[in-house]
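# Chain and residue survey
Listed here are the chains, written in short residue letters.
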Amino acid sequence: MDSPEYNRYLVDRSIYSEPTFEEENEKKEVVPKTLRERLQKSCSCSAKKALQITKSFFPVLDWLPKYRVKEWILNDIISGVSTGLVGTLQGLAFALLAAVPVGYGLYSSFFPILTYFIMGTSKHISVGPFPVVSLMVGSVVLSMVPDENFLITSNSTGLNKSVVNVADRDAERVLVSGTLCFLVGILQLALGALQIGFIVRYLADPLVGGFTTAAAFQVFVSQVKIVLNVPTKNYNGILSIIYTIIDIFANIGQTNIADLIAGLLTFVVCVVVKEVGDRYKHKIPVPIPIEVIVTIVATGISYGADLAGKYNAGIVKTIPSGFIPPVAPKVSLFSEMIGSAFSIGIVAYAVAVSVGKVYATKHNYAINGNQEFIAFGVSNVFSGAFSCFVATTALSRTAIQESTGGKTQVAGLISALIVLIAIVALGKLLEPLQKSVLAAIVIANLKGMFWQVLDVPRLWRQNKFDSVIWVFTCAASIILGLDLGLLAGLVFGLLTVVIRVQFPSCASLGNIPGTDIYKNIKEYKNVVEPEGVKIIRFSSPIFYGNIDGLKNCLKCAVGFDAVRVFNKRNKALRTIQKLIKKGKLKATKNGIIGETGATNESFEPDEDLEEPEDLGVPSKEVEIQMDWNSELPIKVSVPKVSIHSVIFDFGAVSFMDVVAVRSIKIIVKEFQRIDVKVFFAGQEDNTFKKMEACGFFDDTVKPDIFFLTVHDAVLFIQSQNMFRDLQDPIFEKISLMQDSKEPLEFTETEQLDNELDAQEEAMRRLAS
């Protein structure tokens, strides 16, 4: 295959413009279906279709009958037990972030798995609390249920002072978090039913990276105060993280040493063991459940040493045993939390789908984005009824479930059984556990998120816009809070897209000699521009927002402004007319002659230099041909135009709007006024149809200026100019009213100027 004859090809065909190609190749007639036909097809039902729809809503009916018990069950059991142990501890820890009693973290690690097992499409994600989402929930809970609303007067020590009624406060916070979870589920269900899974595409990787890093920082600060066990106020909203840091440093003298030591030891042990596990994971068949080990040891030490009684350490205190009955959500709160619920629902979905796609690609299966919306929506509605907070997936738990050999959602179901055991039987045993240990476990799991900072230099080298999006989203989420920060990052990301298309990419092309290949003349040495032809490629959509940028690119590419050239020529012709009327110049059939005998050398002088009337030329009108690139008989600066044709390569133009079509038509006419012909090449069929539908074609602009390829257009131009004098390619023919005292009227100029004025006014209205 390396021999020369296999590396060359030869094509012999006609030059194709758009009309000639359509004449030789008949298009298929596409008959659009009527609304009735579409409804009839979508509403028709059969047993097979009903089964497919049922399986799409309940994927468990599809994969469970195919479950290979002998091959997969042992792996799923090992994976489920490992994931369940970690999930139990993370549920307790992440409940601190959600500002609810830790026992509700166990519920949030159990109920969502049950529904996702039935309706989810990912085989490997571990459903449950996630630190970023838990913190977003906590910010809503703290803002709606602050401590100040539950102050009561106590005189137990003989002194009247205000204390917080913790029981009532926690009950209200649980109700708010459950209501928020319920509302998030409703919104996710609605988005899934409307097939709006594509919305996650707008959460680009740089945006998600910056947001999760900022969330990790907020999680870190919120857990540091628990590790130190210092009193701080609960701040929410803009700059809340800054105020919290100030509070921590202001009260750092009140640090509880027992909690600090326990937290530091837990953090160091977890980080070291995880680092060793990552480095030698090829030798360790099962990840070390260090969180479980540390928790058991810390609980034993706290109970044996009575750290709460002797050193006033902050402990879990009470974990409810068993389940609480379902509770109806407080619907009256929906209006207050719907904005936050929407952002939480989108973030939770985006995290879960992003992680799920990674493992789906690794194990060669697909997940359904819209079904994931429905699955998490049902999970959150169901969980919200049992006072849980919003569920998604956690990267660490999912990594454990996959790395320990999990094959299907059965592993997730077994992990739920482990959490169930903790809820029913083991909860009381964890009551002496210090909260600082749970906080340290949370901080130790933030390592991966913090390391995302290293992505910024790489993004800067690859794409500066992506790097700026990452930094802006991170900074905005830290300063404004997670919900407003996410919105600000999303708006900023979309703004960068607008900026990028606002300035369209424009390049001048040249031909690789002996081929039909055209490349950027600035990037290749051996490309040659066809003589008198300018080929310009636009590499972006063309619409009302970037049409001005396209015009500027065009002026730079051709080297002149067509409107300015035409106006300068008009000025020169008017000056010549005045001089003719004054007798300083004389117009003949062949040119303009000065009174001193100086001639315009571009034209052959009249042989006998007689008056025009003597030559039989009409007294009122003389047709004069001007070579605008030569010396003129008057001192007027007229820009030189060295080209006779312009080719617009529209091969990379994906769409055009009405404003763009009208503007392109005006550009074509501007060039035509100075005898520069405009051609189009490589346009898609939909672009051609759009231009046709928007009235692009008329008596002067016809479809035959459109060609299939740039090379077709170049060959056509060369064939047309083959017998033309290439030294004088551009002529302006105009009638001069020699004897009339009225100034010349250029109706075409006025008409086009009116079109331009109307166009600018329309664009201003669109912009406003």
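Residues numbered from 1 in each chain as written. Predicted model: local features only at pLDDT ≥ 70, side-chain atom pairs only at ≥ 80, totals over all residues. Heavy atoms only, no water.

Under the criterion given, the structure shown has 16 salt bridges. Between Asp-455 and Arg-458 there is a salt bridge, with the nearest N and O atoms lying 3.5 Å from each other. Of this pair, Asp-455 and Arg-458 both sit in helix α21 (residues 455-462), three residues apart, roughly one helical turn. The exposure class of Asp-455 is partly exposed, given its relative accessible area of 26%. Assessed through its relative accessible area of 32%, Arg-458 is described here as partly exposed. (Salt bridge = Lys/Arg side-chain N within 4 Å of Asp/Glu carboxyl O. Helix = DSSP H or I, 4+ residues; strand = E, 2+ residues; numbered from the N terminus. Buried < 20%, exposed > 50% of the residue type's maximum accessible area, 1.4 Å probe, protein only.)

What the rule picks out here adds up to 33 aromatic pairs. Between Tyr-67 and Trp-72, the aromatic rings sit 5.5 Å apart at their centres with planes inclined by 75°, giving edge-to-face as the arrangement. Here Tyr-67 matches Trp-72 in class, with each residue buried. Relative to Phe-111, the ring of Phe-110 lies with its centre 5.1 Å away and its plane at 75°, an arrangement referred to as edge-to-face. For the pair formed by Phe-110 and Phe-111, the shared burial category is buried. By the ring-pair criterion, three or more aromatic residues cluster together here, those being Phe-538, Phe-648, Phe-650, Phe-680, Phe-688, Phe-696, Phe-697 and Phe-706. The positively charged end of Lys-123 is found above the aromatic ring belonging to Tyr-365, 4.9 Å away from the centroid. The ring of Trp-460 carries the charged tip of Lys-464 above its face, separated from the ring centre by 5.2 Å. (Phe/Tyr/Trp six-rings, centres within 6.5 Å; stacked < 30°, edge-to-face > 60°. Lys NZ or Arg CZ within 6 Å of the ring centre and 35° of its normal.)

Take the nonpolar core next. Counting 106 residues, the largest nonpolar core has Val-102, Val-133, Val-137, Leu-180, Ile-344, Val-390 and Leu-438 as the members making the most contacts within it. When residues in this core are grouped by element, the largest group, 15 residues, is from helix α15 (residues 334-362). The contact partners of Leu-438, leaving out residues within four places of it in the chain, are Leu-89, Leu-92, Ala-93, Leu-96, Val-102, Val-316 and Leu-433. (Core = buried A, V, L, I, M, F, W, Y, C linked by side-chain atoms within 4.5 Å. Contact = heavy atoms within 4.5 Å.)

Attention shifts here to the pairing of strand β11 (residues 645-649). On any regular strand, side chains alternate: one points to one face of the sheet, the next to the other face. Along β11, five of the five residues are buried, which leaves the element largely enclosed by surrounding structure. Side chains Ser-645, Ile-647 and Asp-649 project from β11 onto one buried face, and the interleaved Val-646 and Phe-648 project onto a second face that is buried too. Where β11 and strand β12 (residues 677-681) come together, five bridges link them in parallel fashion. Looking across to β12, one finds that Phe-648 is bridged to Phe-680. Crossover β11 to β12 through helix α26 (residues 658-673) is right-handed. (Pairing = 2+ DSSP bridges. Right-handed = clockwise from strand over helix to strand, strands pointing away.)

These values are about where atoms sit, not about what they do.
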